[in-house]
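Here is what each chain is made of, one letter per residue.
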Amino acid sequence: MTNHAAFAAEDAVTAVAAPAQPGRHFASFPPRRARDCRKAALGRMDLATSGVLMSGSLLDSMKASSPRHAMSPAGADHEEWIENHPSALEWFEGVLAAAAGKQIVMFLDYDGTLSPIVEDPERAVMTEEMREAVRGVAQHFPTAIVSGRCRDKVFNFVKLEELYYAGSHGMDIKGPTKVSNHKAG
Ligand SMILES: O=P(O)(O)OC[C@H]1O[C@H](O[C@H]2O[C@H](CO)[C@@H](O)[C@H](O)[C@H]2O)[C@H](O)[C@@H](O)[C@@H]1O
């Protein structure tokens, strides 16, 4: 665990993001067996924090890839649904206003978010471009990848030591092993 200051959940504002594209695969540190994942899932949770901001290009990319419109109902119910489910991307000024004075923390899904959905889960790799985007985000916000996958498997795909990784649906969480220079929020 690194030296981040702890934050109160009620003071945190979260954002979720990122387009999925096919890309390179990186050989990794040794994968562990499934039973190691279950064992690790019993380990302690140590999420913590730091800083703020989001680049225009990442935001545009997020908007372009958002599946939100595909999930919303058509017809007369649409407007009411939109009203009750404001998009953080379309309502970004509102998000910024809500975030004022608060600690922003980024929680990112992996499959179908940072990586494309593919038939073979072992081939759900993320692009180098995506990796750089996430690395950039982590320079501004404490950033966590939250996945149903085993934590080590997600790390093997993402390979960024400055992130938090929450594997096994959040049962197994590990903090950064490398400090990222978050700008204070
Ligand atoms: O929470 P996530 O990071 O989104 O993980 C959810 C599950 O993702 C993986 O399965 C999904 O992606 C695969 C690769 O694209 C795809 O083949 C599968 O059909 C999807 O369900 C992963 O294999 C699961 O263990 C995760 O729970």
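- The name given to the chain in an unreviewed UniProt entry is trehalose-phosphatase, with the source organism recorded as Triticum turgidum subsp. durum.
- Looking at the chain in UniProt, the text filed under Pathway (unreviewed entry) is "Glycan biosynthesis; trehalose biosynthesis."
- UniProt, in the comment section headed Sequence similarities (unreviewed entry), describes the chain in these words: "Belongs to the trehalose phosphatase family."

**Some remarks on the site of the ligand**
Here's step 1: All residues in the neighbourhood of the ligand are listed as Asp109, Tyr110, Asp111, Pro116, Ile117, Val118, Glu119, Pro121, Ala124, Ser147, Gly148 and Arg149.
Here's step 2: At a separation of 3.0 Å, an oxygen atom of the ligand approaches a polar backbone atom of Gly148.
Here's step 3: Surface burial for the ligand is 64%, taken as the share of its 570 Å² of free accessible area covered by protein chains.
Here's step 4: By residue class, the composition of the shell around the ligand is six nonpolar, two polar and four charged.

**Quick notes on the environment of Leu114**
Here's step 1: One can find Leu114 in the loop between β2 (103-109) and α6 (128-140).
Here's step 2: Distance in space between the C-alpha atoms of Leu114 and Val134 is 8.7 Å, their sequence separation being 20 residues.

**Quick word on the packing of aromatic side chains**
Here's step 1: For the structure shown, the criterion picks out two aromatic pairs.
Here's step 2: Measuring from ring centre to ring centre gives 5.2 Å for Phe155 and Tyr165, while their planes differ by 75°; the resulting arrangement is edge-to-face. Taken together, the residues span a long stretch of sequence, with Phe155 in helix α7 (residues 151-158) and Tyr165 in strand β4 (residues 164-167) at a distance of 10 residues. Each of the two residues, Phe155 as well as Tyr165, counts as buried.

What counts and how
- Residues numbered from 1 in each chain as written.
- Predicted model: local features only at pLDDT ≥ 70, side-chain atom pairs only at ≥ 80, totals over all residues.
- Heavy atoms only, no water.
- UniProt positions renumbered as here; feature names shortened; annotations may be inferred.
- Near = heavy atom within 4 Å.
- Polar contact = N/O pair within 3.5 Å; in protein donor to acceptor, adjacent residues only side chain to side chain.
- Areas by Shrake-Rupley, 256 points an atom, 1.4 Å probe, with all protein chains shown as cover.
- Nonpolar A, V, L, I, M, F, W, Y, C, P; charged D, E, K, R; others polar.
- Helix = DSSP H or I, 4+ residues; strand = E, 2+ residues; numbered from the N terminus.
- Phe/Tyr/Trp six-rings, centres within 6.5 Å; stacked < 30°, edge-to-face > 60°.
- Buried < 20%, exposed > 50% of the residue type's maximum accessible area, 1.4 Å probe, protein only.

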